[in-house]
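# What the coordinates show
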Amino acid sequence: YGVTFLFYIVILGSASLMLSSITTEKQNRMMEILLTSITPTEMLIGKITALGLAGLIQTVVWTLSGFLLLKLGGNTFNLSHAFQLPASILVWGVIFFLLGYAIYASLMAGVGALVPSLREASQATTLIMIPLIIPLMFVTTLIESPDGPLAMFFSFFPLSAPVSMMTRLAATQVPFWQPLISAFLQALTAWLIVRTSAKMFRAQNLLTGQKFSLREYIRAIGRQG
């Protein structure tokens, strides 16, 4: 339960910083200045990297602290093996945080390009969060049946995999090929979302100062593709 909620909080919290940054720079016109010297893809990758460092440090600190506390507590109080975390979870924790953060930060950036201000982003961000929230609703099933069909599906579906796979890794011994394939699918998804979000920034740059229209927005994306 601790690993599940930890990764949900750090991924969503770090990705939300991207949305705040994008909408702020849109409102003060700083984004237009940035896009005169760099490409939208370069700007997006740079923002994801910079804002992700804080979340990465937070993830490493919390995961390492939990691992050490459980290990020391297990030695002191003779806790069973069920209360211990495998050492490999530290490595996988960094990998799945980075991939999960890249996916959701890119999605948040796309929302930032779509909405005129942060206030209008709440409804859109709720839709984005649903795939990350669903594993929390089935967290007991994931823990009690970590190799069941539902857990397998959630751990391979890129939008729910960062939380679900880490839950499975904390609950049981997962074959090495499964987190490896899950990581590959997340990396591919993150790459596709970054490219799509970059197109949104080019479209939004054309629509600066206009009232938002979904039809015109999609048409602008097509001209920039």
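Parameters and conventions
Residues numbered from 1 in each chain as written. Predicted model: local features only at pLDDT ≥ 70, side-chain atom pairs only at ≥ 80, totals over all residues. Heavy atoms only, no water. Helix = DSSP H or I, 4+ residues; strand = E, 2+ residues; numbered from the N terminus. Buried < 20%, exposed > 50% of the residue type's maximum accessible area, 1.4 Å probe, protein only. Contact = heavy atoms within 4.5 Å. Areas by Shrake-Rupley, 256 points an atom, 1.4 Å probe, with all protein chains shown as cover. Salt bridge = Lys/Arg side-chain N within 4 Å of Asp/Glu carboxyl O. Phe/Tyr/Trp six-rings, centres within 6.5 Å; stacked < 30°, edge-to-face > 60°. Expected span 1.5 Å × (residues − 1). Patch = residues over 30% accessible without salt bridge, like charges linked within 9 Å, V, L, I, M, F, W, Y side chains within 5 Å. Axes fitted to C-alpha atoms, helices over the stretch in contact; angles between N-to-C directions. Parallel < 35°, antiparallel > 145°, perpendicular 65-115°, else oblique. pLDDT = per-residue confidence, 0-100. Left-handed = near helix turned anticlockwise from the far one by under 90°. Nonpolar A, V, L, I, M, F, W, Y, C, P; charged D, E, K, R; others polar. Core = buried A, V, L, I, M, F, W, Y, C linked by side-chain atoms within 4.5 Å.

### A few points about the overall build of the protein
Looking only at helices and strands, one finds 10 helices and 0 strands in the protein. Within the span of the protein, comprising 225 residues, buried residues form 45% of the whole. Sequence-distant contacts in the protein: of pairs separated by 6 or more residues, those separated by 24 or more amount to 74%. Per element, the accessible surface of the protein, about 11,700 Å² overall, is 69% carbon and sulfur.

### Section: the pattern of salt bridges
Taken as a whole and assessed by the stated rule, the structure comprises 1 salt bridge. Here R168 ties to D147 by a salt bridge, and the two come within 3.1 Å at their closest N and O atoms. Here the residue R168 occupies a position in helix α8 (residues 161–171), and D147 occupies one in the loop between α6 (139–144) and α7 (149–156), the gap between them amounting to 21 residues. Residue R168 is classed as buried on the basis of its relative accessible area of 0%. Its relative accessible area of 49% is what places D147 among the partly exposed residues.

### A look at the packing of aromatic side chains
Counted under the stated rule, the structure contains 7 aromatic pairs. Where F97 meets Y101, the ring centres are 5.8 Å apart and the plane angle is 15°; that geometry is what we call stacked. Residue F97 and its partner Y101 are located together in helix α4 (residues 88–114), separated by 4 residues, close to a single helical turn. Each member of the pair, F97 as well as Y101, is classed as buried. Between F153 and F154 the ring centres are 5.8 Å apart and the planes differ by 50°, which places this aromatic pair in the tilted class. Clustering of aromatic rings is evident, with ring pairs tying together F138, F153, F154 and F157.

### Description of helix α1 (residues 2–27)
Every α-helix carries 3.6 residues per turn, so stepping three or four residues along brings you back to the same face. For α1, spanning 26 residues, the distance from its first C-alpha to its last is 38 Å, which sits close to the expected 38 Å at 1.5 Å a residue. Just downstream of α1, R29 is the residue with a positive phi angle, here 65°.

### With respect to a nonpolar patch on the surface
Where nonpolar side chains cluster on the molecular surface, the patch consists of F184, L188, W191 and L192 and spans about 430 Å² of accessible area. If you trace the backbone, L192 turns up in helix α9 (residues 177–206).

### Here's the deal with the packing of α4 against α8
It is at 9 Å that the axes of α4 and α8 come closest, and there the two elements cross at 170°. What the angle tells us is that α4 and α8 run roughly antiparallel. Here I89, W92, G93, F96 and G100 of α4 come into contact with α8, specifically with P162, M165, M166, L169 and A170.

### Considering the confidence of the model for the protein
Per-chain confidence: the protein averages 77 in pLDDT, with 76% of residues scoring 70 or above. Taken element by element, the predicted model of the protein shows its lowest mean pLDDT in helix α10 (residues 214–224) (55) and its highest in α7 (92).

### A closer look at the packing of α1 against α4
The geometry of α1 relative to α4 is characterised by a closest axis approach of 8 Å and an angle of 35° between their N-to-C directions. Relative to α4, the crossing made by α1 is right-handed. Taken together, the residues of the contact of α1 with α4 sort by class into 19 nonpolar, 6 polar and 1 charged.

### Considerations on the environment of M129
Mapped onto the secondary structure, M129 falls in helix α5 (residues 122–137). Of the residues examined, M129 reaches a relative accessible area of 18% and is grouped as buried. Spatially, the C-alpha atom of M129 lies 9.8 Å from that of M108, the residues being 21 residues apart in sequence. The contact partners of M129, leaving out residues within four places of it in the chain, are Y8 and L12.

### Some words on the nonpolar core
By size, the foremost hydrophobic cluster in this structure holds 48 residues, and its most contacted members are F7, Y104, M166 and F201. Among the secondary structure elements, those contributing two or more residues to this core are α1, α3 (40–77), α4, α5, α8 and α9. Of the residues forming this core, the biggest block, 14 residues, is contributed by α4. If near-sequence neighbours (up to four positions away) are discounted, M166 is found in contact with V3, F7, I89, W92, G93, F96 and A161.

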